[in-house]
Every structure is written in structure tokens, then in C-alpha cells.
Amino acid sequence: MDVETSGLSAADHRVLSVAALALDSAGVVVKEFHTLVDSGCDPGPVHIHGLTRELLSGAPRFENIEAELTQLLAGRVMVAHNAGFDYGFLAGEYGRIGASMPVGNRLCTLALARRVALPVPDCRLATLATYYGIGQQRAHDALDDARVLAAVLRSLVTDAAHLGITLPMLACPSDRPGAGRRSAWPSTPPKTRCEFEYPGRFIDSGVLVQGMKVAFTGDTRVDRVELISRAVAAGLDVTGAVSRRTSILVTNSQESLTGKARAARGYRTPIMTERTFLLLLERIQPGIPKNMSESAGKVGSVRGKRTEAAGPLAGRRVLVLGGPHNAAVEARDRITALGASVAVNMSASVSDVLALDGSHSDPRLGRAITRGLPVHGPELLDSPSSSSSDGVDAQDIAEPHTMSRGQVMDLPIEAVGTEWSVRVSWTQSESYEVDVVGLLLDSGEKVRHDPDFVFYNQPTGAGACLTADGPSEQTVELSIEQLPQHCARVAIAAAIDGDSITFGTVGAIEIEVTAGSESGVFARATLDAATEERTLILVEVYRRGETWRLRAVGQGYPSGLGELARSYGVDVSGD
């Protein structure tokens, strides 16, 4: 499935186009459904999807297509690239007419592509299509994107099967008894992506240029959601906070005492009234469109500079199998010290396998042998070979920075932007659940307001969003510019749901940090806890002057999530 929409918020924006392809068990398309939808709203970013008011005029409303779409969806798994986004918008349209989505499970090909870990710079649909040799006629066209996705799905599922990867199926919200609490998470996409290069700050008596960063504060005559939609549709980059890169602040009170206004005056950011802004918006000047390949190249070049890191295992990715917990932890620490990154699950990026005692019972060992991967014993940790493995050619792929516990590095925000994702994954099991949380902390290391604690029952905060695209993967999306002014640090943690399971049972936790949700991996860490920990502080993103930094923490505690939250000042009424 694919949808084109008037914006990125399922709560505030609408579906403009729907495409759905029904596949049989062999992955062959047996039916296609495609239509424009007249939702009676501003179509938003026309420069992206090309759907103008004139094109949408006369198209059916959603209630007129619901019956046919429901018939096609019923009893099937919904597949989409960034499936939470498409599901959220369709569920919103169904809800507006008093109906429910007839889908019990969904599969996200973005999450699946991350698990397969192909040798590609990012996991965008266009990148995967190029890798698999699939032609794409027109990006951001719902029907063409759905056709491309169907072909990509067939190849991804085949590769996943060869690697023994379980498809990351996720239960959808349901009124059925027993529906899991995590399935109730709403779809909350990251902040609106601007398609134009940043041209700099606004100059007095000048003009607005697409790509300029605009923030709003105080009351507005035009509804704030409508005002933001107009700005986004015009090609501006709407931000939730003011920084030194903010082009303008729009407010109807020059004497405003809001945090944004104080920050704007401190940065000498131009301030204008709503009326002036709307007049200038009508004469906005064209910006320079972002080139996706160049954007990926920026991230890749930053990663590429770090492939020179020393170590006899540099550029290799090692999967550790077997061994008692302490031996596996020591092995993973040693592998990291030798310059390699540690894999938690089998994927196409795994170049070597370390087989410890008991590994013969792990089915992944047989798959590694079938793939021809080098299988090593403990000697790998004593006198490792510096030659490349027979698996993935490490020289052909820009490797991310591998972080060890306690290591700190700067985030290159000036080079690749303020949108960052911290993805957390672990070995899937039916015997336990892991919850990922985000805590937005002030300078006193406390959560100041309830929305600053992001968890499964409150997945959205100011500048932070928690998403789940599979049963063993959760992501905290951060928009640095939209974090509250008082936020000096974001702590991201994981907790075991239940009293009898610890991280000693779960095993290693993998952290991948990316610039945006679909970019290539910028930094990676594999963290272990001892046998008794039930909560684990994974990473921290914190401000040091004008710089934002990333720290791999790996500090565990035997207490549960409730006690961890209380230690940071969260008012928890019960566990």
C-alpha cells in the first residue's frame, strides 16, 4: 500500500491518494486498486506529490471508496514502506466515517530492510529499488510507489528467508480481546521534511526563500495548524524551537516573553508579524531542491572518514553465537576493542561468526556456514587476522562509527541536519517484551513536565517520538530543533516487561543512530548488561554549548521502569 497526503500529521492532515495491490502467496499481484481522494482540504506540499486542488476536484470522498478498499484489505497483512505512517493516515480516514481498519497485522518494509542490512547507503524505497534493479517511473505517485514496493517486497522476503530472519510483523490496534498495549501506539511521524536547501536567515526588507527555517510563537489569527500547513506547502522548514539557524520568528507581539521570543532576541533572529509573514509568503522565491544522493553522500562521507579507525578487525561485523552470558559479553567487548562492530542478529552485513560453546544448537550457525561466512573459535579474540573476510567486502561499504560503552562523539548537525533517530533492537522472543523510553531532562537531570517522558502510553513529546515497526525493534525519533528550551539531555532507556526476566536473558541490545529515519547508520553500539538488570540506560544525547553530543552508556539497574522513571522526577501512579 501507499498513500499520498496533505502533510505528515495523521491527526491534522488528510489522504489525497490511495493505492493498494493484493498479492497472492507467491507475491504476484492479483488485483490493483488506486484512486485520488477529495478530502476537501488544502493539498499541502504540491511540489512533492503534484496533487493540486484542480486534480482532486471531483474525485470520490473516502466514504465512497471505503467498501471497495475494505473488501481488498480484509484478512490480509498490510505492507507499506514506513508502514506506521500509511496505517495511521488510513486509520484516521476510517475513524472519521465511524469505521475501523480491517487489518490485524502490518509489515513495514523499511524495518525489514534494516534487518536484512543490505550493502546500501540508506533504506529509502528508491535506494532499495535501485539495488534490486527495479524501475521506478514516478516517485511520490501512490500507484507507482506501490508497484515498486511489491517488487521490493518479493526480493526482501527472499533475502530474509535465506538469512533466517523472522518478518517483523506488528499487530495493529484492534477492539479484539487481548490486543497488546504496544499495538495501541498511534502513528506519529517525525517533523515535516523540507525538500529545499537551507538558504540562510531572512534579511530585513528582503524576501522569503524556500528552505528558510520559520518558527511561530503566541496566538495567531489564522489557526496555527493551517498557518503551519501553508508554510510547509510553500516550501518552508517549520521548526518547533529557535536556534541560531532559524531564519525568522513569526509572532503578533514584538514584546513577547515566550521562550522562543527570548531565544530569537538572543540569536538576533528576525521577528515579524503574522500579517507580514503571510504577505511575504505569497511572493516566496524558489529555493534549491535537496538532492537525495548528495544528502546521502553527506552522511556517507562523514561515516567514510571513520573507516580508517585502527584495529585488526576494522570494517568487519561479527555475530557471536553460544557461550554462557559472561563469556559472550567479554567476547563482544573484545571484538569492539579490536575495531569490529558486533551484530545481535543475522543479516547480510555480518562478515564473520564467533562460535562459542553451545553454538552448534543455534540454527544461525548452519546458515552462516551455508553462506560461506568464516566461522571462528576463541582464537579470533587472541590473534585475529587482519585480512578481509569472504563475506561482505568491508572496503565497499562506508562503515558507521562503532561506539564502546562510555564513548562520546559529536553529532554533525551542521553537515547532516537536526533530525536523528536512535533505533533499539534485540533478539526476538515470545517469552519477554522490551519497552524503550525517552526522558527529556533539564540541567538538574529531571523531567520537568509529563510530556517530557516518552513511553508506550505516551509516544509523543516535544521534539521526541517513539515508534515501533516490529516486535523486537523500537525507535526514538529526535528533532533537535523542536526539543524544549529547558531540555539539556535526552536519556534513552530500555526496560523488561515482567519481574522474572532480566537483560541477562535478553542478551545484547543493539543501538543504531541515523540522521533521519531512512538514512544509513551513522553510529552503532552493542550493549550488554549483567544477569540481574531489568532496566538499562542505553544512550544519551546531550547539549554541550552549541554542540549536541552522543554518549553510549550501557548502565543497568535491577529495578523496574517505574522506579527508573521516579528517579528522574516522573510522577508514576503505578507500575
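Numbering of residues starts from 1 in every chain and runs along the sequence as written. Given that this is a predicted model, residues contribute local features only at a pLDDT of at least 70 and side-chain atom pairs are listed and counted only at 80 or more, while totals for whole chains, interfaces and linings are drawn from all residues. Computation of side-chain values: all heavy atoms of the structure, hydrogens and water removed.

### Focus: the sheet that holds strand E10 (residues 271-272)
In any sheet, the strands associate via hydrogen bonds between backbone groups, in a parallel or an antiparallel arrangement. A strand pair is defined by DSSP finding two or more bridges across the two strands. Numbering of helices and strands runs from the N terminus, with a helix taken as a DSSP run of H or I at least four residues long and a strand as a DSSP run of E at least two residues long. What the 4 strands build is an open sheet, ordered E8-E7-E9-E10; its pairing is parallel. Each edge of the open sheet carries a strand with a single partner, namely strand E8 (237-238) and E10. The sheet contact formed by strand E7 (residues 213-216) and E8 spans 2 bridges and is parallel. Looking at E8, one finds that valine 214 is bridged to valine 238. Contacts between helix H8 (residues 224-233) and the sheet are confined to E7 and E8, with E7 contributing the most and set at about 175 degrees to the helix. Any two residues whose heavy atoms approach within 4.5 Å are treated as being in contact. Axes here refer to lines fitted to C-alpha atoms; in helices the fit is confined to the stretch in contact. Angles between the N-to-C directions go from 0 to 180 degrees.

### Description of the side chain of arginine 115
For arginine 115, the location among the structural elements is in helix H5 (residues 109-116). Buried and unpaired, arginine 115 has glutamate 473 as its nearest opposite-charge partner, separated by 4.3 Å. At 3.4 Å, the side chain of arginine 115 and the backbone oxygen of threonine 166 are in polar contact. Within the structure, arginine 115 has its side chain in polar contact with the side chain of serine 472 (distance 2.5 Å). For each residue, the accessible area found with a 1.4 Å probe, counting protein chains only, is set against the maximum for its type, and the residue is called buried under 20%, exposed over 50%, and partly exposed in between. Charge counting follows a simple rule: Lys and Arg are positive, Asp and Glu are negative, and His as well as the terminal groups are ignored. Salt bridge, as used here: a side-chain nitrogen of Lys or Arg that lies within 4 Å of a carboxyl oxygen of Asp or Glu. Side-chain atoms alone can form a polar contact between residues adjacent in sequence; in general such a contact is a pair of N or O atoms within 3.5 Å, and within protein one must be able to donate a hydrogen while the other accepts it.

### A look at the environment of valine 209
Position of valine 209 among the secondary structure elements: in the loop between strand E6 (169-171) and E7. Between the C-alpha atom of valine 209 and that of glutamine 285, which follows or precedes it by 76 residues, the distance is 4.6 Å. Excluding residues that lie within four positions of it along the chain, valine 209 makes contacts with Pro199, Leu236, Ile284, Gln285, Pro286 and Gly287.

### Some words on the pattern of salt bridges
Applying the stated criterion across every chain, the model contains 20 salt bridges. With a closest N to O distance of 2.7 Å, aspartate 352 and arginine 316 form a salt bridge. Of this pair, aspartate 352 sits in strand E13 (residues 352-355) while arginine 316 sits in the loop between helix H11 (292-304) and strand E11 (317-321), and the two are 36 residues apart along the sequence. On the basis of relative accessible area, aspartate 352 is assigned to the buried category, the value being 0%. Residues joined in a network through salt bridges with shared partners are Glu445, Arg489, Glu540 and Arg551.

### Thoughts on unusual backbone geometry
Of note, the phi angle at arginine 268 is positive, near 55 degrees, even though the residue is not glycine. One can find arginine 268 in the loop between helix H9 (259-267) and E10. One non-glycine residue with positive phi stands out, namely glutamate 445, at about 60 degrees. Mapped onto the fold, glutamate 445 is located in the loop between strand E18 (434-441) and strand E19 (453-454). According to the relative accessible area criterion, glutamate 445 is partly exposed, its value standing at 31%.

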